[in-house]
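# Coordinate analysis (summary)
Here is how the chains run, residue by residue.
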Amino acid sequence: MLVSGGLLSTVLPQSVVAESQCCKEFFNRSSQVAIMSEWMKKGPLEWQDYIYKEVRVTACEKNEYKGWVLTTDPVSANIVLVNFLEDGSMSVTGIMGHAVQTVETVNEGDHRVREKLMHLFTSGDCKAYSPEDLEERKNSLKKWLEKNHIPITEQGDSPRTLCVAGVLTIDPPYGPENCSSSNEIILSRVQDLIEGHLTASQ
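Below, the structure is looked at part by part. Just so we're clear, the structure is a prediction, and the values are computed from it rather than from any experiment. (Residues numbered from 1 in each chain as written. Predicted model: local features only at pLDDT ≥ 70, side-chain atom pairs only at ≥ 80, totals over all residues. Heavy atoms only, no water.)

Across all of its chains, the model carries 7 salt bridges by this definition. A salt bridge links Arg56 to Glu64, with the shortest nitrogen-to-oxygen separation between them at 3.5 Å. When its relative accessible area of 25% is taken as the criterion, Arg56 is described as partly exposed. On the basis of relative accessibility, which here comes to 53%, the residue Glu64 falls in the exposed class. (Salt bridge = Lys/Arg side-chain N within 4 Å of Asp/Glu carboxyl O. Buried < 20%, exposed > 50% of the residue type's maximum accessible area, 1.4 Å probe, protein only.)

Residues in a regular strand point their side chains to alternate faces of the sheet. Across 5 bridges, strand 3 (residues 54-59) lies against strand 4 (residues 64-72) in antiparallel orientation. Bridged to Thr58 within strand 4 is Glu64. Connecting the antiparallel pair strand 3 and strand 4 is a turn made up of 4 residues, with Glu61 showing a positive phi of about 60 degrees. (Pairing = 2+ DSSP bridges. Helix = DSSP H or I, 4+ residues; strand = E, 2+ residues; numbered from the N terminus.)

The gaps left among the atoms become clear once a water-sized probe is rolled over them. On inspection of all chains with the given rule, the structure shows 1 cavity of 30 Å³ or more. In this structure, the largest cavity encloses a volume near 50 Å³. Around the largest cavity sit Pro44, Trp47, Gln48, Ile51, Thr72, Asp73, Pro74, Gln155, Cys163 and Thr169, which together line it. Sorting elements by how many residues they give to the lining of the largest cavity places helix 2 (residues 44-48) first, with 3 residues. Of the residues assigned to the lining of the largest cavity, the class counts are 5 nonpolar, 4 polar and 1 charged. (1 Å grid on protein atoms, 1.4 Å probe; cavity = no way out; pocket = protein on both sides within 12 Å on 5 of 7 lines; lining within 4 Å. Points joined across faces, edges and corners; volume = space filled by probe spheres on them. Nonpolar A, V, L, I, M, F, W, Y, C, P; charged D, E, K, R; others polar.)

One open sheet accounts for 5 strands, arranged 6-5-4-3-7; its pairing is antiparallel. Of all the strands in the sheet, just strand 6 (90-95) and strand 7 (100-107) have a single pairing partner and so form its edges. Neighbour-to-neighbour, the strand axes of this sheet turn through a mean angle of 45 degrees, independent of strand direction. Note that strand 4 and strand 5 (residues 79-84) share 4 bridges and pair antiparallel. Opposite Thr72, over in strand 5, you have Ile79 as the bridge partner. Contacts from helix 3 (residues 111-118) reach strand 4 and strand 5 within the one sheet, and its direction differs from that of strand 4 by about 70 degrees. (Axes fitted to C-alpha atoms, helices over the stretch in contact; angles between N-to-C directions. Contact = heavy atoms within 4.5 Å.)

Among the nonpolar cores identified, the biggest contains 20 residues, and Trp39, Val57, Ile79 and Val103 are the most heavily contacted of them. When contributions to this core are tallied by element, the ones reaching two or more residues are strand 3, strand 4, strand 5, strand 7 and helix 3. In this structure Val103 touches Trp39, Tyr50, Val55, Arg56, Val57 and Ile79, once residues within four positions along its chain are discounted. With 14 residues, the next largest nonpolar core counts Leu141, Tyr174, Val190 and Leu193 among its residues. (Core = buried A, V, L, I, M, F, W, Y, C linked by side-chain atoms within 4.5 Å.)

And the structure:
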């Protein structure tokens, strides 16, 4: 302890100084996490608003991405961007939800863009059905799930995707293999219900 000019000062041990620096680094990281989680604070319905729109995504470490939103994960908030290249091919970029800071819409798109995005990964099984058949399969499955007390909504344009409790999606042609969710318990439960529905329909 030193007394100089009427002021009392303390020489801190190196371990205490190091600990203080660690605390500062911790709070700095905490602040960064808080900023990065702004996108995570939104809900599935808000994330869906960006689907089929061209956006600019700012992620952690000042990384920036631009492209058309193909889909967003209702649980993890992950974003899948598609860019159409000059040679006719396309690039697909996945961005982890926890890394996203901001998402800015730069182009609302039109029906032609939506149709192109919607049919990028349309399965051969889906193409085998007419629009009327897909609508019938969707409505039949929707009634079956509601009968089994499963909350179900629709999203997107025709053919529409079924959404279960905001955590699982069922794409056309609405079979067990068309389910997508990061929650394995709900995924297995819904797939079993769809299997039962298909068996009962035969």
